[in-house]
Amino acid sequence: FHEVAGRPIIVHSIEAFSSHKLITETRVVIHPQDVKAYNEAISIFTTEENIIGNPIIAGKTRQESVRNGLEALAQGTYPDAVLIHDAARPLVSHKLIDRILDELHNSEAVIAALPITDTLKEATPSKNVRKTIDRTGLFRAQTPQGFHFKSILEAHRSCSDVNKMTDDAAVAEQAGITIKLIDGDEDTMKITIPADLERAEEIF
């Protein structure tokens, strides 16, 4: 809910999807204590804009939270496809959303990713270098991540007892779903530390 470029971060993320011509519904999964702040943040949207459904209450982990969101969709619109996105990536573009949706016509699942170009070092707890890791074939996963709805719902249900996965592609991978990588976008950064706020402000 921190503001960047005059609006809460979450509003930028919602708007990227709710304003997209191919997105029929946008749902947000939030912590129970954030309901008031969320309702205040989304008050800028009008009823004429793309549907923003009621917030869905999060679980104890990211994985459980996404599953709660999927289960809510299963009880409602039951879409053909779903894009799962981190609200902390407010700079997601329509072009990236388009590329994921286009590729999803030909693939089981699609995620945006960037190749790792820096040299990777594995370190000890005291931060001494243990070894250099081969970066060949390694990528940084981003969101949104696109899936056929039924398959990712079933994947999350089958992995409900393993709450250690940090993105939905890992859940899909565990379920045997083939995942296609497409080129990500450096601007689709995840705001994590204070310096990221400054960078996002500059990009906006």
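Source: prediction; values computed, not measured. (Residues numbered from 1 in each chain as written. Predicted model: local features only at pLDDT ≥ 70, side-chain atom pairs only at ≥ 80, totals over all residues. Heavy atoms only, no water.)

The next subject is helix α1 (residues 9-18). Here α1 lies mainly inside the structure; nine of its ten residues are buried. Among all positions in α1, only I9, I10, V11, H12, S13, I14, A16, F17 and S18 are buried. (Buried < 20%, exposed > 50% of the residue type's maximum accessible area, 1.4 Å probe, protein only. Helix = DSSP H or I, 4+ residues; strand = E, 2+ residues; numbered from the N terminus.)

We now examine helix α4 (residues 94-104). All of the buried residues in α4 are L96, I97, I100, L101 and L104. When α4 is viewed along its axis, its buried side chains cluster within an angular range of 130 degrees and face the same direction. The secondary structure elements touched by the buried residues of α4 are α1, β5 (81-84), β6 (109-115), β9 (139-148) and β10 (179-183). (Arc of directions from axis to C-beta. Contact = heavy atoms within 4.5 Å.)

Let's shift gears to the sheet that holds β10. Taken in spatial order, the four strands of this open sheet run β5-β9-β6-β10, and their pairing is mixed. The sheet is open, and its two edges are formed by β5 and β10, each paired on a single side. Neighbour to neighbour, the strand axes of the sheet diverge by 30 degrees on average, direction disregarded. Judged from the six bridges that link them, β6 and β9 form a sheet pairing that is antiparallel. Note on β9: the bridge partner recorded for A109 is F147. Against the sheet, helix α3 (residues 62-74) touches β5 and β9, its axis set at about 150 degrees to β5. Running over the sheet, helix α5 (residues 149-158) touches β5 and β9 and is turned about 115 degrees from β9. (Pairing = 2+ DSSP bridges. Axes fitted to C-alpha atoms, helices over the stretch in contact; angles between N-to-C directions.)

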